[in-house]
Amino acid sequence: MKNLIPIQQWFPEFETEIPLISGPCSAESELQLMQTAAELAKTDLPLVFRAGVWKPRTKPGSFEGSGLKALKWLEKVKSEFGFRIGIEVATDEHVLMAMDHGIDILWIGARTSVNPFSVQEIADVLASNPEQAVMVKNPINPDLNLWIGAMQRIAGAGISKIAAIHRGFSTWEKSSFRNPPMWELPIELKRQFPNLDIFCDPSHICGVRDTLSYVSQKALDLSMSGLMLESHTNPDDAWTDAKQQVTPTDLQTLINNLQVRKNQSDGSFSVPLAELRTEIDAIDVDILKKIQQRMGIVDKIGEYKKEHNIAILQVNRWDEIVSDRMAIGNKMGLDKNFMKVFLEQIHKASISRQTSILNNESASENV
Ligand code: PEP
Ligand code: MN
């Protein structure tokens, strides 16, 4: 991916401190689009208007987009309000229809960027229009190379207006995010491709409204290039993604409350401290999850000891653990004293949980 054109040179709307793409998740009707566009126009936020024309739904039987007629509504939005338009495309036919209707940004969604065949099919038709601006959302699974590969396919078609969109990653594990951001992935992407602009899509990361500003601020702190945020004239009644969409007025408040940090939008992630802290945050969560997993096993052993009338403290076993872990830690260059205190604390907490089990108390009371 060489010769990428920075987003500021794509359209004047992006020559701002916070380049913004906003509009409803789905194009539901002409009225809904026109009302949302009118309210967005009133905010005076420079933005590219988005709306989903073809909606990839997890299960069949729900609204899958308005298709071709929505492209006509979007032409009207463009001519009446002067907004440039961005939509998701998933097939070569979508690309051809979208280009036919003067769509300014085509983005490849998370369920499409995951499939190299689909991305290649899209790249092949894009080759006829090298001026087209294209954004590539991360694949639903946290596979950086798949994301990079999708963008390389688009670049291979001769497109130079390419940007990435970070929308978080699907997970089976319970999370307070709809799609956990796993910030280390966009950070690594930026490290490998410093000239690539990366937008953040807090709407699909959060899945709900109340964390949108936190994630948007985090994206700015990491010097991401812009934001994609879903907005709707009447979010609660939206046909798709109702919980995460905001009114245009709330969008304006959210954007106005964001702090733009120094050196942002110079084409590089320029806040190394924020990057490193993000990595630390993720590692801390991993450590806690592992400790939680370990305590779960400690509890099972506690139940077994109780059932079989075995003493909780098994000194031999503990001595074995300490010398084994100290040797591993030593090889890793970890401080001996730290290892000792750390292991002792874990042991203490484990004994305490098993004692609670023996006495039929809630384990957390003792830890
Ligand atoms: C969308 O932007 O409405 C969308 C479907 O997003 P994603 O591909 O990130 O799920
Ligand atoms: Mn959506």
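Before reading further, recall that the structure is shown in the block above.
Everything numeric here is computed off the predicted structure, so don't read it as measured data.

1. Points about the packing of aromatic side chains
Inference 1: Applying the stated criterion to the full structure yields 9 aromatic pairs.
Inference 2: Ring centres of Phe14 and Phe199 lie 5.4 Å apart, and the angle between their planes is 55°; this geometry places the pair in the tilted category. Residue Phe14 is found in the segment before strand 1 (20–23), and its partner Phe199 is found in strand 7 (residues 197–200); the two are separated by 185 residues along the sequence. Both residues of the pair, Phe14 and Phe199, belong to the buried class.
Inference 3: Relative to Trp239, the ring of Phe63 has its centre 4.9 Å away and its plane inclined at 90°; by these criteria the two rings are edge-to-face.

2. Some details on the pairing of strand 3 (residues 85–89)
Inference 1: For strand 3, the buried fraction is high: 5 of the 5 residues fall into the buried class.
Inference 2: In strand 3, alternate side chains face the same way, and those of Ile85, Ile87 and Val89 on one face and Gly86 and Glu88 on the other are all buried.
Inference 3: In this fold, the crossover linking strand 2 (residues 48–50) to strand 3 by way of helix 2 (residues 68–81) has right-handed handedness.
Inference 4: Summarising the sheet, strand 3 and strand 4 (residues 105–108) pair through 4 bridges and their orientation is parallel. Residue pairing across strands places Ile87 opposite Leu106, the latter belonging to strand 4.
Inference 5: Where the polypeptide runs from strand 3 across helix 3 (residues 92–100) and back to strand 4, its parallel neighbour, the crossover connection is right-handed.

3. Some thoughts on the pattern of salt bridges
Inference 1: For the coordinates displayed, the defined rule picks out 14 salt bridges.
Inference 2: When the shortest N-O distance is used, the salt bridge between Arg84 and Glu13 registers 3.0 Å. Taken together, the residues Arg84 in the loop between helix 2 and strand 3 and Glu13 in the segment before strand 1 connect sequence positions 71 residues apart.

4. Considering the side chain of Gln132
Inference 1: Secondary-structure assignment places Gln132 in the loop between helix 5 (116–126) and strand 5 (133–137).
Inference 2: Not counting chain neighbours up to four residues away, the residues in contact with Gln132 comprise Met99, Ile103, Asp104, Ile105, Leu106, Leu126, Ile159 and Lys161.

5. A short note on the coordination of the manganese ion (ligand 2)
Inference 1: Summarising the metal site, the manganese ion (ligand 2) is bound by the protein donors Cys25 (SG), His204 (NE2), Glu230 (OE) and Asp241 (OD), whose distances to it range over 2.0 to 2.4 Å.
Inference 2: Between the donor residues of the manganese ion (ligand 2), the gaps in sequence give the motif C-x178-H-x25-E-x10-D. One end of the pair, Glu230, is in strand 8 (residues 226–230); the other, Asp241, is in the loop between strand 8 and helix 10 (248–256), and 11 residues separate them in sequence.
Inference 3: You can call Glu230 buried: its relative accessible area is 1%.

6. A closer look at the side chain of Ser356
Inference 1: You can see Ser356 is positioned in helix 13 (residues 336–358).
Inference 2: From its side chain, Ser356 meets the backbone oxygen of Ser352 in a polar contact 3.0 Å long.

Quick notes on the rules
- Residues numbered from 1 in each chain as written.
- Chains lettered and ligands numbered in written order.
- Predicted model: local features only at pLDDT ≥ 70, side-chain atom pairs only at ≥ 80, totals over all residues.
- Heavy atoms only, no water.
- Phe/Tyr/Trp six-rings, centres within 6.5 Å; stacked < 30°, edge-to-face > 60°.
- Helix = DSSP H or I, 4+ residues; strand = E, 2+ residues; numbered from the N terminus.
- Buried < 20%, exposed > 50% of the residue type's maximum accessible area, 1.4 Å probe, protein only.
- Right-handed = clockwise from strand over helix to strand, strands pointing away.
- Pairing = 2+ DSSP bridges.
- Salt bridge = Lys/Arg side-chain N within 4 Å of Asp/Glu carboxyl O.
- Contact = heavy atoms within 4.5 Å.
- Donors = N, O, S within 2.8 Å, 3.2 Å for Na, K, Ca; no water.
- Polar contact = N/O pair within 3.5 Å; in protein donor to acceptor, adjacent residues only side chain to side chain.

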